[in-house]
Amino acid sequence: MTAAEWHLPDGELRRYGEGTLVPPELWSTEAHLAACAYCRERLAAAAEPQMTAAGWVRLDAELDAPVPGPVERLLVRAGVAEHTARLLAATPVLRLSWLVAVASTLALAALLANLADPVVFLAVAPLLPVGGVALSFGHRVDPTYEITVVAPIHTFRLLLLRCVAVLSTTTVLSAAATLALPDLGLTALGWFLPALALTLLTLAFMARLGPVLAAVLVGLGWVVLVTSTLGAGSGGSSPFVPVGQLALALAGALGALVLARMHRAFETPRRFR
Ligand SMILES: [Zn+2]
């Protein structure tokens, strides 16, 4: 295999050890580390022993302290593999504080939708998974980030797993909140396609901009779109009429396409340089 001839540059390896490497270099580096024992040894030798030890301590505390929590047990019972369940359960979006924040935001939005304009709910619900993505992939708030310090894993798979965790929790909660808007009929589900599209676009931009900036820009773009088209259609705003929904579906498909291309690049790490 000719790819084995190539090894990670010292600088990249050092930045990986320090935790300062960002996607897509982070992903290609991890893909190489997962496949190359020689570079793993170099990483272990280059890393400060205290840093590695501290990483293990933090990881141990994060992963082992709450011996299978309710979320993890539920996932395992639902047929999710044990190590996947543990990774998912350690994801910030499955924490109670996040779920409470999402639920109370939706309750407030549904209340405002009933009191003032239904568009409030339709505009706020798609922002929740975008916030979840920023929360899940921002290094500073991510406990599983430690895993990447001590044990390189297939990050693209983790990215998709977390994306599913984010979208499924916000979708279930938003669907439940939709029941508070019985007068709107099908229009009340107008948040679903925007949520999917905004999440995919955030993920697509993440490789270039980082999770937080990508989420902020996509969120701002959405707010500008909704406010600039207020009063343009039924449901108050044109993203929620059929043509707008179709455009959002296309934008989401574009984001998915970019993600798929990133995945191919990730599978063949040498494309990056
Ligand atoms: Zn190597």
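Before reading on, note that the structure itself is shown above.
Below is a short write-up of the structure. (Residues numbered from 1 in each chain as written. Predicted model: local features only at pLDDT ≥ 70, side-chain atom pairs only at ≥ 80, totals over all residues. Heavy atoms only, no water.)

We now examine helix H9 (residues 127–137). Counting buried positions over the 11 residues of H9 gives eight, a clear majority of the element. Along H9, the residues that are buried comprise Leu128, Pro129, Val130, Gly132, Val133, Ala134, Ser136 and Phe137. (Buried < 20%, exposed > 50% of the residue type's maximum accessible area, 1.4 Å probe, protein only. Helix = DSSP H or I, 4+ residues; strand = E, 2+ residues; numbered from the N terminus.)

The subject of this paragraph is the environment of threonine 171. When you line up the elements, threonine 171 lands in helix H11 (residues 155–178). Since its relative accessible area comes to 22%, threonine 171 is described here as partly exposed. Threonine 171 sits 45 residues away from proline 126 along the chain, and the two C-alpha atoms are 9.1 Å apart. Discounting chain neighbours no more than four positions away, the residues touching threonine 171 are Trp191 and Phe192. (Contact = heavy atoms within 4.5 Å.)

Looking at the metal site, the zinc ion is ligated by His7 (ND1), His32 (NE2), Cys36 (SG) and Cys39 (SG), spaced 2.0 to 2.4 Å from it. Around the zinc ion, the four donor atoms sit at angles spanning 99 to 132°, and that spread fits a shape best called tetrahedral. Motif for the zinc ion, donor spacing along one chain: H-x24-H-x3-C-x2-C. You'll find cysteine 36 and cysteine 39 in the same group, each marked buried. (Donors = N, O, S within 2.8 Å, 3.2 Å for Na, K, Ca; no water. Tetrahedral: all angles 85-135°; square planar, octahedral: opposite > 155°, others 65-115°.)

Once that is clear, we can look at the side chain of threonine 169. Residue placement: threonine 169 occurs in helix H11. With a relative accessible area of 15%, threonine 169 lands in the buried category. Of the polar contacts made by the side chain of threonine 169, one reaches the backbone oxygen of alanine 165; its length is 2.9 Å. (Polar contact = N/O pair within 3.5 Å; in protein donor to acceptor, adjacent residues only side chain to side chain.)

Next up on the list: the packing of aromatic side chains. Geometry of an aromatic ring pair is reported as the spacing of the ring centres plus the angle between the planes. Inspection of every chain in the model, using the stated rule, returns two aromatic pairs. Note on tryptophan 191 and phenylalanine 192: the rings are 6.0 Å apart at their centroids and 80° apart in plane angle, and the pair reads as edge-to-face. Taking relative accessible area as the criterion, tryptophan 191 reaches 2% and is therefore assigned buried. Assessed through its relative accessible area of 39%, phenylalanine 192 is described here as partly exposed. (Phe/Tyr/Trp six-rings, centres within 6.5 Å; stacked < 30°, edge-to-face > 60°.)

By themselves these figures say nothing about function.
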